[in-house]
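Residue-level structural notes
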Amino acid sequence: MKIQPSDQPLLEWAGDSLAIGLFEDAVELTGELATLDQKFSGVLKELIAEEEFKGKANSTIFTRVNAGSPVRKLILVGLGKPDALKADTLRCAAAAVARIGKKQKSKILGFSFPLWNNDPATSAQAIAEGVELALYQDIRFKSEPEEKGSPIESVDLLGFGGQEVAITRANQIVSGVNLARQLVAAPANAVTPITLAETAQAIAKEYGLEVKILEKEDCEKLGMGAFLGVAQASELPPKFIHLTYKAEGTPKKKLAIIGKGVTFDSGGLNIKGAGSGIETMKMDMGGAAATLGAAKAIAQIKPDVEVHFISAVAENMISGRAMHPGDILTASNGKTIEVNNTDAEGRLTLADALVYADKLGLDAIVDLATLTGANIIALGEDIAGLYTPDDGVASQIEKAAETSGEKIWRMPMEEKYFEGLKSGIADMKNTGPRPGGSITAALFLKQFVKETPWAHLDIAGPVWTEKENGYNGAGATGYGVRTLVNWVLGIEELVGRGN
Ligand code: BES
Ligand code: MN
Ligand code: ZN
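The rules behind each value
Residues numbered from 1 in each chain as written. Chains lettered and ligands numbered in written order. Predicted model: local features only at pLDDT ≥ 70, side-chain atom pairs only at ≥ 80, totals over all residues. Heavy atoms only, no water. Helix = DSSP H or I, 4+ residues; strand = E, 2+ residues; numbered from the N terminus. Rg over C-alpha atoms; globule rule 2.2 N^0.38 Å. Buried < 20%, exposed > 50% of the residue type's maximum accessible area, 1.4 Å probe, protein only. Contact = heavy atoms within 4.5 Å. Areas by Shrake-Rupley, 256 points an atom, 1.4 Å probe, with all protein chains shown as cover. Patch = residues over 30% accessible without salt bridge, like charges linked within 9 Å, V, L, I, M, F, W, Y side chains within 5 Å. Salt bridge = Lys/Arg side-chain N within 4 Å of Asp/Glu carboxyl O. Donors = N, O, S within 2.8 Å, 3.2 Å for Na, K, Ca; no water. Tetrahedral: all angles 85-135°; square planar, octahedral: opposite > 155°, others 65-115°. Near = heavy atom within 4 Å. Polar contact = N/O pair within 3.5 Å; in protein donor to acceptor, adjacent residues only side chain to side chain. 1 Å grid on protein atoms, 1.4 Å probe; cavity = no way out; pocket = protein on both sides within 12 Å on 5 of 7 lines; lining within 4 Å. Sits in = over half its atoms within 2 Å of the grid points. Phe/Tyr/Trp six-rings, centres within 6.5 Å; stacked < 30°, edge-to-face > 60°.

1. Topic: the overall build of the protein
Looking only at helices and strands, the protein has 14 helices and 20 strands in total. Relative to the compact-globule value of 23 Å for 499 residues, the protein shows a C-alpha radius of gyration of 24 Å, a close match. Across its three principal axes, the protein shows a C-alpha extent of roughly 80 × 55 × 45 Å. Within the protein, the proportion of its 499 residues that are buried is 58%. Sequence-distant contacts, at least 24 apart, represent 77% of the contacts inside the protein between residues at least 6 apart. Only carbon and sulfur atoms are counted for the fraction: they give 50% of the accessible area of the protein, which is about 20700 Å².

Spelled out as structure tokens, the structure:
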């Protein structure tokens, strides 16, 4: 499928389906749309009246036009109130159109959408992302795919002439999102610490990144007792992934993105019971998946920023070698941890990854983790929790998420709650009381960052969706990749302006 910007006049466009975006309560046809309606003998006006189409966000209607006319179908998509228009509204509307186009077997699709914020580049990018993300299909594990691939061959973005760069940007980003979706959706017998490390190596090779995989012995030498404690019951070896993207010139800033990479979370000896969703715990490497997806996208975009992509990857299993609840581990910064619950394993793996990144002398670190069920209880399935003591990094991430449309909400780092992690025998416990469980998890992580401005995103909810949601089909969403890319590019831009 090729998405192309076009300056062809709406009235001259020919193809299978023409999609028109309309604002809420502004569906009376004026100007070019009135002429278009006349061209199709008033079918648009009739359709709007018959279907009582009001232009509400996410509403769609479509109709067949006269046989022999240069456009076979017209699709109307609501954009909501003009004041409330966001880049993400265009992304979701484009996704809805792409799904209809696919169902209707359209080969050539045209879009007549308004601009968001008078910004043709961001708007074109959002529309292209919406189309591509919505048409993603995962048939890797079907012996015979029941669903056909998309028939859409070409997509014209009318009025977006000259926006080739924005569309290329969308392609680069979507390639990263789809990698993350594939990694999260693949089961734990396909994505293991070994295969995830291989994926990192393949990205490095294809896009020219530096890659270092630390083996168990290397991690032992670095004293990564917290990470290795989680890994020790598994038959599979742990892998510590460190990919580096280096800018061509002197980098304006140096950043790290860290992802929780637990390829399966059984809970360990505090095993997840019936009804705990243990069968979904292949998704517990969603942070690592977003990290690798962002690496893939950033390596193609080539910003003037150095970025380190890090994940301490392991399975949380049970065996005769498993951690006992109550074991004391020593992390690579020398801190001792009483493991009062082996199911709070993500923070143990992240502890050593954070210590490692903190020593690299960077300007900021962001970690992403499917860390707690408590975050889902607090914010629901769609919203990630943002935890950071640093207002600067918080506003960078909030801004990045605003354009990506990935929902986040900043949560408090209530220091007093650290009392819940006090241990009588070690420096701290890994698990606090149930209330505020996502906050104590973030406070635990904070113990392992000394120098560097840092933020943590708890993505336990949004990595996965049970049903189709915006541009995501049911299943893995690739959550985080687009916000991370925007964060890195936003920092490049900020520094460019002398900050
Ligand atoms: N991987 C889970 C968190 C999770 C839960 C992710 C649901 C996605 C969906 C994490 O390792 C975990 O088990 N957390 C425990 C922590 C508790 C033992 C303090 C939880 O949230 O119950
Ligand atoms: Mn767990
Ligand atoms: Zn986990």
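2. Some details on a nonpolar patch on the surface
There is a patch of nonpolar side chains on the surface, built from L269, I271 and I318 and spanning about 260 Å² of accessible area. By the element assignment, I318 lies in the loop between β11 (306-316) and β12 (328-330).

3. Structural notes on the coordination of the zinc ion (ligand 3)
In ideal tetrahedral geometry, four donors around a metal make angles of 109.5 degrees, whereas ideal octahedral geometry with six donors gives angles of 90 or 180 degrees. The coordination sphere of the zinc ion (ligand 3), as far as protein atoms go, consists of K260 (NZ), D265 (OD), D284 (OD) and E345 (OE), spread over 2.0 to 2.4 Å. Taken together, the six donor atoms coordinating the zinc ion (ligand 3) span angles of 78 to 174° at the metal, a pattern that classifies the geometry as octahedral. Mapped onto the sequence, the residues coordinating the zinc ion (ligand 3) show the spacing K-x4-D-x18-D-x60-E. The distance between the zinc ion (ligand 3) and the manganese ion (ligand 2) comes to 3.1 Å, with D265 serving as a donor to both metals. Taken together, the positions of K260 in the loop between β9 (254-259) and β10 (261-265) and D284 in the loop between β10 and α9 (286-301) put the pair 24 residues apart, joining distant regions of the chain. Each member of the pair, K260 together with D284, is buried.

4. A short note on the site of ligand 1
With respect to spatial proximity, 16 residues lie near ligand 1, and among them K272, D284, D343, E345 and G373 are the closest. A distance of 3.2 Å is found between an oxygen atom of ligand 1 and a side-chain nitrogen or oxygen belonging to K260. Here K272 contributes a side-chain N or O atom positioned 2.8 Å from an oxygen atom of ligand 1. Most atoms of ligand 1, that is more than half of them, are within 2 Å of grid points of the largest pocket.

5. Description of the packing of aromatic side chains
A complete count under the given rule lists four aromatic pairs for this structure. Both rings, one in F111 and one in F113, keep their centres 5.0 Å apart while their planes meet at 80°; by these two values the pair is edge-to-face. The same class applies to F111 as to F113, namely buried. Relative to F448, the ring of F444 lies with its centre 5.2 Å away and its plane at 45°, an arrangement referred to as tilted.

In short, the description is geometric, and any link to function would need to be established separately.
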